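Secondary and tertiary structure notes
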Amino acid sequence: MQSIIARNGSETPEPVKAKVKGTIPPWLQGTLVRNGPGLFSVGKSEYKHWFDGLSLIHSFTFSNGDVFYRSKFLKSDTYKRNTAANRIVVSEFGTMIYPDPCQNIFSRLFTHLCNAIPDFTDNNLVNIIRYGQDYYASSEVNYMNQIDPITLETVGRINYRNHIALNLATAHPHYDGEGNTYNMGTAIMGLGRPKYVIFKVPVDASEKKKPALRNVEAVCSVPCRSSLFPSYYHSFGMTENYIVFVEQPFKLDIVRLATAYFRGIDWGSCLKYDKDDTTWFHVLNRRTGQAVSTRFYADAMVTFHHINAYEAEGHVVFDLITYENSNLYDMFYLKSMREETNEFIESKKNFSPPVCQRFALPLDIHQDSPRGNNLVTLRDTTATAVLQEDGSVYCQPDVLFEGLEMPRINYNFNAKKYRYFYGSRVEWSPQPNRIAKFDILTRKHVEWTAENCYPSEPVFVASPGAVEEDDGVILSSVVSPDPKISPFMVVLDAKTFEELARASIDASVHMDLHGLFIPASQ
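Residues numbered from 1 in each chain as written. Predicted model: local features only at pLDDT ≥ 70, side-chain atom pairs only at ≥ 80, totals over all residues. Heavy atoms only, no water.

Assigned secondary structure in the chain consists of 8 helices and 39 strands. Relative to the 2.2 N^0.38 estimate, which gives 24 Å for 522 residues, the radius of gyration of the chain is 23 Å and therefore close to what a compact globule would have. In terms of its C-alpha atoms, the chain occupies a principal-axis envelope of roughly 70 × 60 × 55 Å. When the 522 residues of the chain are sorted by exposure, 59% land in the buried category. The contacts in the chain between residues at least 6 apart in sequence include a share of 61% that link residues at least 24 apart. For the chain, the accessible surface area stands at approximately 22200 Å², while carbon and sulfur atoms represent 50% of it. If you average the places of the 52 positive and of the 59 negative side-chain charges in the chain, the two averages end up 5 Å apart. (Helix = DSSP H or I, 4+ residues; strand = E, 2+ residues; numbered from the N terminus. Rg over C-alpha atoms; globule rule 2.2 N^0.38 Å. Buried < 20%, exposed > 50% of the residue type's maximum accessible area, 1.4 Å probe, protein only. Contact = heavy atoms within 4.5 Å. Areas by Shrake-Rupley, 256 points an atom, 1.4 Å probe, with all protein chains shown as cover. Lys, Arg positive; Asp, Glu negative; His and termini not counted. Charge placed at Lys NZ, Arg CZ, Asp CG, Glu CD.)

Shown next, in the form of C-alpha cells:
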C-alpha cells in the first residue's frame, strides 16, 4: 500500500475503454465523477499531508455495458501557480509555504504581508457537488471550481463570498426530492459573532453563463458557542423537515489560524479537540428556519461523516461515524502513511477506530416531562435521551457497528427511515482494503474484498423503478500496488454483494475521496 499512497498521478484526458469481465447491467447508464488528491510534488517540493495533494478528477462512464475512463487535473488557480513556478507556492492544510529565499527582499516582504490575512487555497480535492445544474469540485473553503462533468475541463473558479457571507462550507450538501441543494457553512470574518449558516440553492437556479449561487437562499443561522473557537464540521444531517447540525468540541482556533503563517505552523494544527467539553445537537426546521428550543447534548466526540437522518414517531433519528479523539487527521501526514505496515500498525495502536452510532432526539418535550427519565420511546434502538433538571437533554448513542468509514446509502432513502448503509472497512489503516454492506435491522454485515487491492468509497446506484432499498449496484474504483493488477471499476450486486463485473483500465488510476454519480438522463 505504501507504494501507491502518495504516488503522483497522471492525466488520461481522452476516454479509454475498459476491458470488462462479467456483465454490467444494461440499465446502468451515466457517469461516476470522483475527486481526490493526485499530485504530491511539484518540481523538487513535496506536500506533507495526503489532503494537500493537487486535485485529480476522474470519471467512469457507463454506456450500454461498456466503461470509459478519463482523468484531468483540476486547473485551479493553485494548480496554475504551482506549475508555473515549478514548485509549491500555495499553502495547504498540512503544508505551510514560505517565500523562496532566492527572491529579493521586497518580494519576500510582500508575501509576508499577504499572509497577514490568510487566503485559502482553491485546490478543491474533496468531492463533486451540484448547485442547480452546475457541477463543482469542492473542498471546505470559500472557493469552488466549476467543472464540465463530461470532459472534466475546469470551467472557472467561484467564491461563495460573492453570493453569501461564508468563509467555510462543507463538501457534503444534501439534495431534496425536487433536486434543491441544501448546504451549510461558517461565517467567521465580518460583523457580529461567528455563526453557522444553512442555505439552499433551488434546482432551477442555473442560468446561462451565470452561476447557480446567484440564487442562493439563506435558510437560517446558529450562533457559534465560542467566538474564537467555532466547531469544525465536515457534513450534517437532513430529514424531511429538519436540518441536524452537530456542534462538536473539535474546534478551529481562530487566533492560531490568523497567525499560523508567522508561527511557522500549518493550518491543520489550528484544529483542536477538547475532550472535556460536550457535543451539542442543533435541530433546525429547514422550511421555517426556527430551531427546536430544547438543548440536546452528548459526551465529547469527533465526527466527519453523517450516514443518514429521519423522523420517526416524534423523534429525529440520525446516524454518524464517530471517534473518541481527533487523531485521524494526524494519521494522514505522508511521513506517517509511508511507514512500513508493521511499523504503521504498532505506532497507531492508540488511534480511535471509527464507530457507527445512532442518536434519537425526542421532540415532544414539555415542562412537566419527567426529569431523569429516558424520553426515547422507539423500540428499534437503545439510544437514550434523558431530561435533566435544567431542561436540557443528555443523549447517549446506540452503537451500530465499528470499523467503517466513507458511508453511503441508497440516496432515494435519504432523510427517510432506512435499513442499509455501505462503506469502507477500516481497521489498522485509514486506507480501506474491503467494502461492506451493513444491515441495521439484523446488525449483520457482508464484505467484498480482493487480495492486495484497495477499493474506494462504495457508491450505490438504484435500479430503474426499484422498490426495495437494496435493489441496485455498488460501484467502487479499485487500485493495487501490484503492477500485475490493473486498476479496475468493480460492480457489485447491492443485494448479495456478489461481483457482477470488473472493468480493468489500461491507465493510471489514483486513490480518491468522494464522488457523484450523474445519470445519463441528466
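What follows covers the pattern of salt bridges. Counted by the stated rule, this structure contains 24 salt bridges. Salt-bridge contacts for aspartate 122 lead to arginine 157; the nearest nitrogen and oxygen are separated by 3.5 Å. Within this pair, whereas aspartate 122 is found in the loop between helix H3 (105-114) and strand S9 (127-131), its partner arginine 157 is found in strand S12 (residues 154-159), the two being separated by 35 residues in sequence. Taking the relative accessible area as the measure of exposure, aspartate 122 reaches 1% and is therefore buried. (Salt bridge = Lys/Arg side-chain N within 4 Å of Asp/Glu carboxyl O.)

Here the focus is the environment of proline 202. Here proline 202 is to be found in the loop between strand S16 (195-201) and strand S17 (217-223). Its relative accessible area of 12% is what places proline 202 among the buried residues. When the C-alpha positions of proline 202 and serine 71 are compared, they lie 29 Å apart, and in sequence the two are 131 residues distant. Residues in contact with proline 202, not counting those within four places in the same chain, are Gly132, Asn180, Asn215 and Glu217.

Before going further, it helps to examine unusual backbone geometry. Here leucine 152, not a glycine, exhibits a phi torsion of approximately 70 degrees, which is positive. Note that leucine 152 resides in the loop between strand S11 (143-147) and S12. Residue classification places leucine 152 among the buried positions, given a relative accessible area of 1%.

So, about the sheet that holds strand S25 (residues 315-323). Spatially, the 4 strands line up as an open sheet ordered S24-S25-S26-S29, and their pairing is antiparallel. Taken across any chain shown, the strands that pair with only one partner, and hence form the sheet edges, are strand S24 (302-312) and strand S29 (398-402). With direction set aside, neighbouring strand axes in the sheet form an average angle of 20 degrees. Looking at chain direction, S24 and S25 are connected through 8 bridges and run antiparallel. Bridge pairing links valine 302 to tyrosine 323 in S25. (Pairing = 2+ DSSP bridges. Axes fitted to C-alpha atoms, helices over the stretch in contact; angles between N-to-C directions.)

Within strand S26 (residues 355-362), 8 of the 8 residues are buried, which leaves it mostly tucked inside the rest of the structure. The alternating pattern of S26 places Val355, Gln357, Phe359 and Leu361 and Cys356, Arg358, Ala360 and Pro362 on opposite faces, both of which are buried. Here 8 bridges tie S25 to S26, and the two strands are oriented antiparallel to one another. Bridging from a neighbouring strand, threonine 322 pairs with valine 355 of S26. In the sheet, S26 pairs with S29 via 4 bridges, with the strands oriented antiparallel. Along S29, the bridge assignment pairs valine 355 with glutamate 402.

Restricting attention to buried positions, one finds in helix H2 (residues 77-85) the residues Thr78, Tyr79 and Asn82. One side of H2 holds all its buried residues, which, seen down the axis, span an arc of 95 degrees. Of the exposed residues in H2, those oriented more than 90 degrees away from the buried face are Arg81 and Ala84. Lining the buried residues of H2 we find strand S4 (37-39), strand S5 (41-42), strand S7 (54-63) and strand S8 (66-73). Positive phi shows up at asparagine 86, right after H2, with a value of about 55 degrees. (Arc of directions from axis to C-beta.)

Attention now moves to the pairing of strand S36 (residues 472-479). Within S36, 8 of the 8 residues are buried, which leaves the element mostly enclosed by the surrounding structure. Bridging between strand S34 (residues 454-455) and S36 involves 2 bridges; their strand directions are antiparallel. Each bridged residue has a counterpart across the sheet, and for proline 455 the counterpart in S36 is valine 478. Of the pairings in the sheet, the one linking S36 to strand S37 (residues 488-493) comprises 6 bridges and is antiparallel in character. Bridge pairing in S37 links serine 477 to methionine 489.

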